[in-house]
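Residue-level structure breakdown
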Amino acid sequence: MTRKLLCLALTAALLAACQPAGSPNGTDKPAADAHDARADAAFADLSKRWLDGGMALNPVSATQIGDHSHDGELDDLSAEGRAKSVAFSQSMLDELGKIDRDKLSRENQVDAAVLENQLRYDLWTANTLQSWAWDPMIYSSLAGGSLYSLMAREFAPMPDRLRSATSRMEKLPALFAQMRANLDPARVPKTHAETVARQNQGLLDLVDGMILPHAGELPAEEKQRLEAAAAALKTAVAEHQAWLDKTLVPNAKGDFRLGQKLYDEKLAFALNSPLGRKEIRERAEKELGAVREQMYGIARQVLAGKAGAPATPDKPDAAQQQAAIAAALEIAYADRPTRDKVVELAKSSTAQATDFVREKDLITLPDAPVAIILMPEFQRGFSVAYCDSPGPLDKHLDTFYAVSPIPDEWKDDQVTSFLREYNTRSIHELSVHEAMPGHYVQIWHSNKYPSVLRAVLSSGSFVEGWAVYAEKVMADAGYMDNDPLYRLIQLKWYLRTIANAILDQAIHVDGMSREDAMKLMTEQTFQQEREAAGKWVRAQLSSTQLPTYFVGVQEHLDLRREVEKREGAGFNLKAYHDRVLSFGSPPVRFVRELMLDEPIR
């Protein structure tokens, strides 16, 4: 997954080349893009003011996407600050409604639609969902991100970043106070409270590991201020920890399930897709059966002639299918790294995947580096890995492929369960998804698109769907020497994608129990206990993010099939991939409309 950086902040300079008139590779037909320059100018002005206004309201996100004019500031989540954000979003939405979309260029029609969705989503989140009142993870992520985003990349000289870090450390106790004032423990789900209580001390690891070791690079007076801010923050973190442990966690009584009404409304905003909850469920359940049949065919090949292998008849019953797939997967599970070699394998597999993509000429490769790192502690507990790309303004800085280490406190059986899931071939698959040619490659292409507005409002389903699509592309191209066990692992990962889509709505709408969720994951989709247990926690901590993988890959596959049908023998895979990624990261439905010269809906 990516660290989705929802940002409303940029300076006026960000929009310098904001809205091109046609597609970036010049393939749009001129007649299809007749537009009114005055309407485009009005939209460009509105976009500029939205980006400028959001900068002051969301300075942490501004840092993350590469605007550093407010690096010393923090978001204001007080009642006054929230009211200011709501008023700003409403005024922008009102102005956007006065622009005649039909007179905009096709590219601007897409950006206007995406902006409208985001503005409505922001207002709905603040007024209806009210996550500020029950989700403590908003605050902990903001606190950690405020410092990490300053120190992780060398976008400016160290002394400048240290001064910004000092200013933010001085303001973080106020953010903790806002969190304590805003949260209603009776509405906070227990899992959310417990997760934040575990993450809280990770903020000090950032201070001790990334900030204080560089304090000597400041003049004496500024060094003294930094050290005082760090000391005060340590006291504030300790006081906050006491509140988390003694007040929030014991009194957290909220229901993590959204319920049908909130879930459906949030899903529509989050996906911005024609696919709704019911169609997603129907597609997912159909795919689940089809993929298991495909895995059974591979299992028959893998198990052929092996002593003690289960029966593999032409027409298996459910039990025979299950046994054969499980037995074949056991062969893959036996090839796994030791607990201290996971990150090392992530590095070597990324290099191997890069060589393969270059050899097969599957897509234009980035000219910016990717670094495999240990996941910062404040980010752990949500997923095993993520891709953290530089913001669209931080050009030529490292992309981080962050891998969570195995917790020291895990017992041997827990470690074994984890490494069976993240076996050698699965780490290769993880590297394909997160780095090559998945998130790292896709976001590099996206950041080259000139509309910063579109980069800021990137679509999670486009991004996650591309990474899942990339897994299939690599397997289809014969990665790892057409190893049938690698194909089996790739399909198992696709089963996880399918299960994600089913789980999310089944848990939040249908009230699926932990027992039934674990059964779906461990039996139907062959996930190990540690992976399934972690996904159960993740499904409680989030909503509508898990379906983005399945919805996105379905839309990507639908689009490719249509282009292949239209281009026939002239279809070129690399050219197709480069063009799909040339539009930035809007919802896939808009890429389809731009590529196929369909009306922008």
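Quantities reported herein were computed from a predicted structural model and do not represent experimental measurements.

1. Looking at the environment of Val 196
Inspection of the secondary structure puts Val 196 in helix α7 (residues 190-199). In this structure Val 196 comes out as buried when scored by relative accessible area, which is 2%. Val 196 sits 52 residues away from Leu 248 along the chain, and the two C-alpha atoms are 9.9 Å apart. Apart from the residues lying within four places of it in its own chain, the contact partners of Val 196 are Pro 136, Met 137, Ser 140, Met 179 and Leu 244.

2. Digging into the side chain of His 445
Residue placement: His 445 occurs in helix α16 (residues 439-448). Residue His 445 is classed as buried on the basis of its relative accessible area of 9%. Here His 445 is in contact with Ile 363, Thr 364, Asp 578 and Leu 581, once residues within four sequence places are set aside.

3. Digging into the nonpolar core
By size, the foremost hydrophobic cluster in this structure holds 134 residues, and its most contacted members are Trp 50, Met 295, Met 474, Ile 498 and Leu 559. The dominant element in this core, judged by the number of residues it contributes, is helix α19 (residues 484-508), at 14 residues. Counting 47 residues, the second-largest nonpolar core is a separate cluster that includes Val 60, Val 188, Leu 204 and Ala 229.

4. What about the sheet that holds strand β1 (residues 370-374)?
The strand order across the open sheet formed by 3 strands is β1-β3-β2, and the pairing between neighbours is mixed. On the outer flanks of this sheet lie β1 and β2 (385-388), each paired with one strand and no other. Each strand of the sheet is rotated relative to its neighbour by a mean of 20 degrees, with strand direction disregarded. The pairing of β2 with strand β3 (residues 399-403) spans 4 bridges and is classified as antiparallel. Its bridge partner lying in β3, Asp 388 is registered against Phe 400. Packing against the sheet, helix α13 (residues 342-360) makes contact with β1 and β3, and its axis sits at approximately 170 degrees to β1.

Rules behind the numbers
Residues numbered from 1 in each chain as written. Predicted model: local features only at pLDDT ≥ 70, side-chain atom pairs only at ≥ 80, totals over all residues. Heavy atoms only, no water. Helix = DSSP H or I, 4+ residues; strand = E, 2+ residues; numbered from the N terminus. Buried < 20%, exposed > 50% of the residue type's maximum accessible area, 1.4 Å probe, protein only. Contact = heavy atoms within 4.5 Å. Core = buried A, V, L, I, M, F, W, Y, C linked by side-chain atoms within 4.5 Å. Pairing = 2+ DSSP bridges. Axes fitted to C-alpha atoms, helices over the stretch in contact; angles between N-to-C directions.

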